[in-house]
Amino acid sequence: MLEGKAVIEDTDMPDKMQIQAMASAYEALDLYDVFDCTSIAAHIKKEFDTKYGSGWQCVVGSSFGCFFTHSKGTFVYFTLETLNFLIFKGASYLI
Amino acid sequence: MLEGKAVVRETDMPEGMQSYVMELAHQALDAHEVSDCQSIAHFIKQKLDEAYGPAWNSVVGKDFGSCITHLCGSFIFFRVEMMEFLIFKDGKNFTESREEAIGVLQKARNCD
C-alpha cells in the first residue's frame, strides 16, 4: 500500500465527493499495479458511476494533458505518489 | 513538424471524422511544443466542438490510462510519434453511450 498523501491540485467538487475520489484512488492502488493506469481509472470510474450516477470520466497517468467540458461541481484533479488523477462527469449528463 | 504517420489504435468513428481529427492533431503539433499537452488537447477539443457540436473531451500525453463513457460513433484513440491521443464526446442519454477502458502501458520508460 502506498503511504503517500493525496494532494488536490484543482477541484470544484463538494468535500465529501473529494474524499470519495481519493478513497477510490487508494483502493485502486491497493488492487492494481501502479503501472496499470487503465485498471486504476476503470475502478474509480465504476465507483463513481455506482455512487453518483452514470457518465463519469477518469484519466490516470504520469504524463498527460487534456481539455474537457464537465458538469458543474463534478471535477477534481489530484496527485498521489507518482500519478495524477482527473475525475469529472461529462457536461451532457445534466440535460 | 512531426513527420510521423498517425496510427489508430481503437475507434468507432466514421472515417471522415477520423481523418479530420488526425489532421487536427497534426495541426496542433505544428502550432505547439510537443511537451505542451494541454494546449494541444485544448486546440483539438475546441475545433471539434465547433465542427461537430459540444461537448468533446480530449486527452493527450505519453503515459495515461482512462475509463470513459462516450457517445457511440464519437471515440478515437490514436498515436502520432510518441504522443497518444484520446478523443471522445459525451452522450446525451445512456442508450447511446458506451464504456471504454483505454491505456498506454509503459513499464520500461525511456523518457527524455
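Residues numbered from 1 in each chain as written. Chains lettered and ligands numbered in written order. Predicted model: local features only at pLDDT ≥ 70, side-chain atom pairs only at ≥ 80, totals over all residues. Heavy atoms only, no water.

Per an unreviewed UniProt entry, chain B is named Dynein light chain, and its organism is Glycine soja. Turning to chain B, the UniProt record has this under Subcellular location (unreviewed entry): "Cytoplasm, Cytoskeleton". Listed in UniProt under the heading Sequence similarities (unreviewed entry), the comment for chain B reads: "Belongs to the dynein light chain family." (UniProt positions renumbered as here; feature names shortened; annotations may be inferred.)

Per an unreviewed UniProt entry, the recorded name for chain A is Dynein light chain, and the organism is Glycine soja. In UniProt, chain A has this text filed under Subcellular location (unreviewed entry): "Cytoplasm, Cytoskeleton". Annotation of chain A in UniProt includes, under Sequence similarities (unreviewed entry), the sentence "Belongs to the dynein light chain family."

Right, let's get into the pairing of strand S2 (residues 56-67) of chain A. With nine of twelve residues buried, S2(A) is to be regarded as a mostly interior element. Taken together, the nine bridges between S2(A) and strand S2 (residues 56-71) of chain B define a ladder with antiparallel strand orientation. Bridging across to S2(B), A:Val59 finds its partner in B:Ser66. (Buried < 20%, exposed > 50% of the residue type's maximum accessible area, 1.4 Å probe, protein only. Helix = DSSP H or I, 4+ residues; strand = E, 2+ residues; numbered from the N terminus. Pairing = 2+ DSSP bridges.)

All names here are of chain A. One can describe the packing of helix H1 (residues 15-31) onto helix H2 (residues 37-52) by two numbers: an axis separation of 9 Å at closest approach and a directional angle of 140 degrees. Relative to H2, the element H1 is oriented oblique. Crossing of H1 over H2 shows right-handed handedness. Residue-level contacts link Lys-16, Met-17, Gln-20, Ala-21, Ser-24, Ala-25, Glu-27, Ala-28, Leu-29 and Leu-31 of H1 to Ile-40, His-43, Ile-44, Glu-47, Phe-48, Lys-51 and Tyr-52 of H2. (Axes fitted to C-alpha atoms, helices over the stretch in contact; angles between N-to-C directions. Parallel < 35°, antiparallel > 145°, perpendicular 65-115°, else oblique. Left-handed = near helix turned anticlockwise from the far one by under 90°. Contact = heavy atoms within 4.5 Å.)

Throughout the structure, instances matching the rule amount to four salt bridges over all chains. For the salt bridge of A:Lys45 with A:Asp49, the shortest nitrogen-to-oxygen distance reads 2.6 Å. Within this pair, A:Lys45 and its partner A:Asp49 are both found in helix H2, separated by four residues, close to a single helical turn. Assigned by exposure class, A:Lys45 and A:Asp49 land together as buried. In this structure, the salt-bridge partner of B:Lys45 is B:Asp49, at a minimum N-O distance of 2.6 Å. (Salt bridge = Lys/Arg side-chain N within 4 Å of Asp/Glu carboxyl O.)

Bringing the packing of aromatic side chains into the picture now. All names here are of chain A. Scanning all chains against the criterion turns up eleven aromatic pairs over all chains. The interplanar angle of 20 degrees and the centroid separation of 4.1 Å between the aromatic rings of Phe-68 and Phe-88 together place this pair among those described as stacked. Of this pair, Phe-68 sits in the loop between S2 and strand S3 (76-80) while Phe-88 sits in strand S4 (residues 83-89), placing them 20 residues apart in sequence. Exposure remark for Phe-68: the relative accessible area of 18% places this residue in the buried category. (Phe/Tyr/Trp six-rings, centres within 6.5 Å; stacked < 30°, edge-to-face > 60°.)

Residue B:Ala55 is bonded to the preceding B:Pro54 through a cis peptide linkage, with omega at 5 degrees. By the element assignment, B:Ala55 lies in the loop between helix H2 (37-52) and S2. With phi around 55 degrees, A:Glu81 is a residue other than glycine that occupies positive phi space. A relative accessible area of 44% means that A:Glu81 is categorised as partly exposed. Non-glycine residue B:Glu81 carries a positive phi angle of around 55 degrees. Examined against the element boundaries, B:Glu81 turns out to sit in the loop between strand S3 (75-80) and strand S4 (83-89).

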